[in-house]
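Spelled out from the first residue to the last, the chains are:
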Amino acid sequence: MSSLAERMARLIVHGEHPYNAEPPLSRLRASYRTPAGDFYVRSHGDLPEIDAATWRLSVDGEGLGPLDLSLADLRALFPEATVTATMQCAGNRRADMRAVAPVSGDPWDAGAIGTADWTGVRLGDVLRAAGVTPEADLHVAFESHDVVEGRPYGVSIPLAKALADETLLAFAMNGAPLLPEHGFPARAVVPGFAGVRSPKWLRRITVQDHPSDNPMQADDYKLFPPDVTAETADPAEGHTIETMPLNAAICEPPRGARLGAGETPVRGYAIAGDRAVVRVDVSGDGGRSWRQATLEHEAGAPFAWTFWEIVLDLPPGEHELAVRAWDSAGQTQPALPDHTWNFKGYLSASWHRVRVEVA
């Protein structure tokens, strides 16, 4: 295994404390499953050092028989499951909104996303072993070992999503144990939801009748209208970000590329949360005309991205490449980041645009 420093050197690092980084887009597009060393890293506190041999996970809640589980217990007591799913930060493509007006948070390009085979046990199996039964208004709260502004990281998801077959307590990624920066020894994987809802370095799970009151849930990751500022924002009025919007990005060629005239391969990804991507349109002239790309999606992986590719015949001059996706509900993306701008820069999902020079 390479060292953390060696893995950091491969990525575009936005911050070291906490550690946040994304891969170059060309490398992101190189394989359908993103290697762990090329997977984006989103941290809110310092990376905790955890001994897998002594790690424990507690599961509790009112009326439940509490569980205290080791990593060996998870493997021995529950059937193993693998889900191919895309993980994406709610701030992915924030740089596009930052170009409109100042926003808070790291200036993510389109690389705060990745797809992996996540292996572990179904969270629903663990909850049912503790005595959980489906209830309409219950929530599953997670608490982690990392500390953010003096408190353990904590978020929650609705019980229905926690009991869904795709939601895991994962201990492996692409067939290997989780790397420290990706949640070793165990993390939640909540496909279709923003990455913030898939906490790493788990230590406690609580079933309760209200969402987590941790600031990460109660105050952060809220979507606000464009007229709201950091000074006027009331977290109680913000929309809690869970499912992610339809999105697409151009990974090749990169922004500012100098290309030869003629046929130019253009490649990228598209993702639609829990829906299917049914069409991807690509433009070589900033959206005045469009052509349909060829799609690549793995059967049986409804929560994984779609790769797309097209060859454009580009004459000499400056060109603005653009991409937009369509989902199974017949929805597409807004044309400009201005249309969905918010002061936190969340859910940036307008047409992705790349300017290139053709000689």
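The structure reproduced in this document is the subject of the present report. (Residues numbered from 1 in each chain as written. Predicted model: local features only at pLDDT ≥ 70, side-chain atom pairs only at ≥ 80, totals over all residues. Heavy atoms only, no water.)

### Points about the overall build of the protein
Helix and strand counts for the protein come out as seven helices and 23 strands. Against the globule reference of 21 Å for 359 residues, the protein gives a C-alpha radius of gyration of 21 Å, in line with a compact fold. Principal-axis analysis of the C-alpha atoms places the extent of the protein at approximately 70 × 45 × 40 Å. At a minimum sequence separation of 6, the contacts of the protein that also span at least 24 residues come to 71%. Roughly 15,000 Å² of accessible area belongs to the protein as shown, and the carbon and sulfur atoms make up 51% of that amount. Seen as two clouds, the 32 positive and the 48 negative side-chain charges of the protein have centres 4 Å apart. (Helix = DSSP H or I, 4+ residues; strand = E, 2+ residues; numbered from the N terminus. Rg over C-alpha atoms; globule rule 2.2 N^0.38 Å. Contact = heavy atoms within 4.5 Å. Areas by Shrake-Rupley, 256 points an atom, 1.4 Å probe, with all protein chains shown as cover. Lys, Arg positive; Asp, Glu negative; His and termini not counted. Charge placed at Lys NZ, Arg CZ, Asp CG, Glu CD.)

### Notes on the pattern of salt bridges
Within the structure shown, the criterion is met by 23 salt bridges. Of the charged contacts in the structure, one is a salt bridge between Asp327 and Arg275, with a shortest N-O distance of 2.8 Å. Taken as a pair, Asp327 in strand S22 (residues 317-327) and Arg275 in the loop between strand S17 (262-271) and strand S18 (277-283) lie far apart in primary sequence, 52 residues in all. Relative accessible area serves as the criterion here: at 2%, Asp327 is assigned to the buried category. Residue classification places Arg275 among the partly exposed positions, given a relative accessible area of 32%. Of the charged contacts, one joins Arg355 and Glu320 as a salt bridge, the two residues approaching to 3.5 Å between their closest N and O atoms. Of this pair, Arg355 sits in strand S23 (residues 352-358) while Glu320 sits in strand S22, and the two are 35 residues apart along the sequence. The exposure class of Glu320 is buried, given its relative accessible area of 17%. If you follow the salt bridges from partner to partner, you end up with Arg93, Asp96, Asp109 and Arg255 in one network. (Salt bridge = Lys/Arg side-chain N within 4 Å of Asp/Glu carboxyl O. Buried < 20%, exposed > 50% of the residue type's maximum accessible area, 1.4 Å probe, protein only.)

### Some points on the layout of surface pockets
The volume enclosed by the largest pocket comes to roughly 350 Å³. The wall of the largest pocket is formed by 18 residues, among which Arg42, His44, Met216, Asp220 and Tyr221 lie closest to the centre. For the lining of the largest pocket, the per-class residue count stands at six nonpolar, four polar and eight charged. Estimated volume of the second largest pocket: approximately 220 Å³. In terms of lining residues, the second largest pocket is bounded by 15 residues, among which Ala141, Phe142, Glu143, Ser212 and Asp213 are the most central. (1 Å grid on protein atoms, 1.4 Å probe; cavity = no way out; pocket = protein on both sides within 12 Å on 5 of 7 lines; lining within 4 Å. Points joined across faces, edges and corners; volume = space filled by probe spheres on them. Nonpolar A, V, L, I, M, F, W, Y, C, P; charged D, E, K, R; others polar.)

### A short note on a negative patch on the surface
Together, Glu62, Glu135, Asp137 and Asp209 line one region of the surface with negative charge. Checked against the element boundaries, Asp209 lands in the loop between strand S12 (202-208) and helix H7 (215-218). (Patch = residues over 30% accessible without salt bridge, like charges linked within 9 Å, V, L, I, M, F, W, Y side chains within 5 Å.)

### A short note on the pairing of S12
S12 sits mainly inside the fold: five of its seven residues count as buried. Strand direction decides the pairing type here: strand S7 (residues 139-148) and S12, joined by six bridges, are antiparallel. For Ala141, the partnering residue across the bridge sits in S12 and is Thr206. (Pairing = 2+ DSSP bridges.)

### Examining empty space enclosed by the protein
Taken as a whole and judged by the stated rule, the model has two cavities of 30 Å³ or more. Residue lining of the largest cavity: 20 residues in total, with Arg42, Arg187, Gly195, Ser198 and Lys200 positioned closest to the centre. Per-class residue counts for the lining of the largest cavity are ten nonpolar, six polar and four charged. In this model, the second largest cavity occupies a volume close to 70 Å³. Lining of the second largest cavity is provided by Thr86, Gln88, Gly192, Phe193, Met244, Ile271, Gly273 and Phe303. Its residues assigned to classes, the lining of the second largest cavity shows four nonpolar, four polar and no charged.

The values are spatial; any link to function lies outside them.
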